Amino acid sequence: MATFKIEGGHKLSGNITPQGAKNEALQVICAVLLTAEKVTISNIPNIRDVNKLIFILGELGVKVNKVDTNTYTFQADELDLDYLESDKFKKDGSSLRGSIMIVGPLLARFGKGYIPQPGGDKIGRRRLDTHFEGFIKLGATFRYNQNEMFYGVEANELIGANMLLDEASVTGTANIVMAAVKAKGLTTIYNAACEPYLQQLCKMLNSMGAKIRGVGSNLLIIDGVDELKGCSHRILPDMIEIGSWIGMAAMTKSSITIKDVSWDNLGLIPRIFRKIGINLERRGDDIFIPEQDSYEIQNYIDGSILTVSDAPWPGFTPDLLSIILVVATQAKGSVLIHQKMFESRLFFVDKLIDMGAKVILCDPHRATVIGMNHEFCLKATTMTSPDIRAGISLLIAALSAEGTSTIQNIEQIDRGYQNIDERLRAIGAKITRID
């Protein structure tokens, strides 16, 4: 198990460019299964979860060609559908939650799609009902082997339908959309997710010949088509990584520039960081964070304590709540962090408390942070990364701490952040990977 050794207390400086968005990559890579023609996708992040999905597609028979580090071509013209019912697929697919999104395009094109119970971060239960209820609405038959924890859907023909999703699931919406684009007739999806990455998927599908209206809203209207063609698509920068670098600059009192952030797709992210006192400037499509010795959390206009909570887009993404929590430990003032969408993402605060942070874990969903205004440094410690987002949050804490920290189980961080140690060293971080 690899480990990061981090010498804290050093200021960072320079430019850093965010990788392509992991959550978009997992969706659009699955979409290549909808056509027999070649699809080119650029700005693909070179991270474990995405590489695992590309490997699974290769095992399925997709012709995968790596053009350069972040650009691939895919051609799904000769697939081995027997792989989907093999023991090898049951093992491969169960290690990656994003593999669930191959089901929609396979169902649409071949009339069947299978998936083992997918894994992923241990951040609470993320049910699959939305996915399969949508497929059933389109006319598919659902089956589940409880002993093998293996799901399947089959249909001779998909028929467009009206549906109201019981939750605005991003992956659920993506999966249903990919099935519906080849269904016969009209499909309307109410309470659809509308994240920028879902919008990107819809734009890519439209460029392939799909007919999707309402992109960017929570009502998608899809006219089914018979065939889809190839296309070229570029993935947006990762907003979670952008938020991580903003928080890292504030915690280490550093001045950095985050390049090519696609500002117009960041939603509330800049506003929420400003609410906890962080100065950031828009410079073209870059974000400049000046050096700050202190940053103060804004209260509400009646003087009550600020609450930062997550919500489906266009609300604040749950993936950045842990970053906000860590950054708030060195702010002036207090804030209540309310994690509404998952029940286990705040448990990493025990390590922050060990480091000297003043955090009260109220319950599995809420934590109150009393900022120390950089008057007392966090103390170095040894910790373990429980998941991707907690891992990067602990890394930010370690970079700001006094002394040398170690973070174990960094494979979790590698699942979401491309060559993070090399990129941080380039802007002055003292971080070493120990295999």
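Definitions and cut-offs
Residues numbered from 1 in each chain as written. Predicted model: local features only at pLDDT ≥ 70, side-chain atom pairs only at ≥ 80, totals over all residues. Heavy atoms only, no water. Helix = DSSP H or I, 4+ residues; strand = E, 2+ residues; numbered from the N terminus. Expected span 1.5 Å × (residues − 1). Buried < 20%, exposed > 50% of the residue type's maximum accessible area, 1.4 Å probe, protein only. Polar contact = N/O pair within 3.5 Å; in protein donor to acceptor, adjacent residues only side chain to side chain. Contact = heavy atoms within 4.5 Å. Pairing = 2+ DSSP bridges. Right-handed = clockwise from strand over helix to strand, strands pointing away. Phe/Tyr/Trp six-rings, centres within 6.5 Å; stacked < 30°, edge-to-face > 60°. Lys NZ or Arg CZ within 6 Å of the ring centre and 35° of its normal. pLDDT = per-residue confidence, 0-100. Patch = residues over 30% accessible without salt bridge, like charges linked within 9 Å, V, L, I, M, F, W, Y side chains within 5 Å. Areas by Shrake-Rupley, 256 points an atom, 1.4 Å probe, with all protein chains shown as cover. Salt bridge = Lys/Arg side-chain N within 4 Å of Asp/Glu carboxyl O. Axes fitted to C-alpha atoms, helices over the stretch in contact; angles between N-to-C directions. Parallel < 35°, antiparallel > 145°, perpendicular 65-115°, else oblique. Nonpolar A, V, L, I, M, F, W, Y, C, P; charged D, E, K, R; others polar.

1. Here's the deal with helix α12 (residues 388–400)
With 13 residues, α12 ought to run about 18 Å at 1.5 Å a step, and its terminal C-alpha atoms sit 19 Å apart, in line with that. Counting buried positions along α12 gives 13 out of 13 residues, so the element sits mostly inside the fold. Between a side-chain oxygen at the N-terminus of α12 and the backbone nitrogen of Arg389 the separation is 3.0 Å; the capping residue is Asp387.

2. Quick notes on the environment of Gly214
Here Gly214 shows up in the loop between β11 (211–213) and β12 (219–223). We classify Gly214 as partly exposed; its relative accessible area is 34%. For the pair Gly214 and Cys194, spaced 20 residues apart in the sequence, the C-alpha separation amounts to 9.5 Å. When near neighbours in sequence (up to four residues on either side) are disregarded, Gly214 contacts Leu219 and Leu220.

3. Some details on the pairing of strand β17 (residues 306–309)
Every second residue of β17 is oriented toward a common face, the buried set being Leu306 and Val308 and the non-buried set Thr307 and Ser309. For β17 and strand β18 (residues 334–338), the ladder comprises four bridges, and the chain directions are parallel. For Ser309, the partnering residue across the bridge sits in β18 and is His338. For the handedness criterion, the β-α-β arrangement of β17, helix α10 (residues 321–328) and β18 is classed as right-handed.

4. A closer look at unusual backbone geometry
Here Trp313 and Pro314 are connected by a cis peptide whose omega angle stands at 15°. With respect to the helices, strands and loops of the structure, Pro314 is situated in the loop between β17 and α10. Positive phi values are uncommon outside glycine, yet Lys253 reaches one of about 55°. Checked against the element boundaries, Lys253 lands in the loop between α8 (239–251) and β14 (255–258).

5. Structural notes on the packing of aromatic side chains
All told, the structure shown has nine aromatic pairs when counted by the stated rule. Both rings, one in Phe142 and one in Tyr151, keep their centres 6.3 Å apart while their planes meet at 40°; by these two values the pair is tilted. Residue class for Tyr151 comes out buried when judged on its relative accessible area of 12%. By way of ring pairs, the aromatic residues Phe132, Phe135, Phe142, Tyr144 and Tyr151 are connected into one cluster. Cation over ring: Lys90 sits above Phe150, and NZ or CZ is 5.0 Å from the ring centre.

6. Overview of the confidence of the model for the chain
Of all residues in the chain, 98% have pLDDT values of 70 or greater, and the mean over the chain is 93. In the model, residues 120–125 has pLDDT below 50 throughout and makes 17 contacts with residues more than four positions away in sequence or in other chains.

7. Regarding a nonpolar patch on the surface
A contiguous nonpolar surface patch, about 350 Å² in accessible area, is contributed by Ile136, Phe142, Tyr144 and Met149. Take Tyr144: it is sitting in strand β7 (residues 141–145).

8. Points about the packing of helix α6 (residues 170–180) against helix α7 (residues 196–207)
The geometry of α6 relative to α7 is characterised by a closest axis approach of 10 Å and an angle of 10° between their N-to-C directions. By the criterion of interaxial angle, the relationship of α6 to α7 is roughly parallel. Mapping the contact onto sequence places Val170, Thr173, Ala174, Val177 and Met178 in α6 and Leu198, Leu201, Cys202 and Leu205 in α7. The class makeup of the residues in the contact of α6 with α7 is eight nonpolar, one polar and no charged.

9. Observations concerning α8
Here α8 contains 13 residues, and its C-alpha end-to-end distance of 18 Å stays within 8% of the 18 Å for a straight helix at 1.5 Å per residue. The element α8 is extensively covered by neighbouring structure, given that 13 of its 13 residues are classed as buried. Between the side-chain oxygen of the N-cap and the backbone nitrogen of Ile240 there are 2.8 Å, and the N-cap of α8 in question is Asp238. At the exit of α8 stands Lys253, carrying a positive phi of roughly 55°.

10. Structural notes on the pattern of salt bridges
By the definition in use, this model includes 20 salt bridges. One salt bridge connects Asp77 with Lys63, and the closest N-O pair in it is separated by 2.6 Å. Residue Asp77 is located in the loop between β5 (71–75) and α3 (87–94), and its partner Lys63 is located in strand β4 (residues 63–68); the two are separated by 14 residues in the primary sequence. Each of the salt bridges in this network shares a partner with another, and the network as a whole consists of Lys52, Glu59, Lys88 and Asp92.

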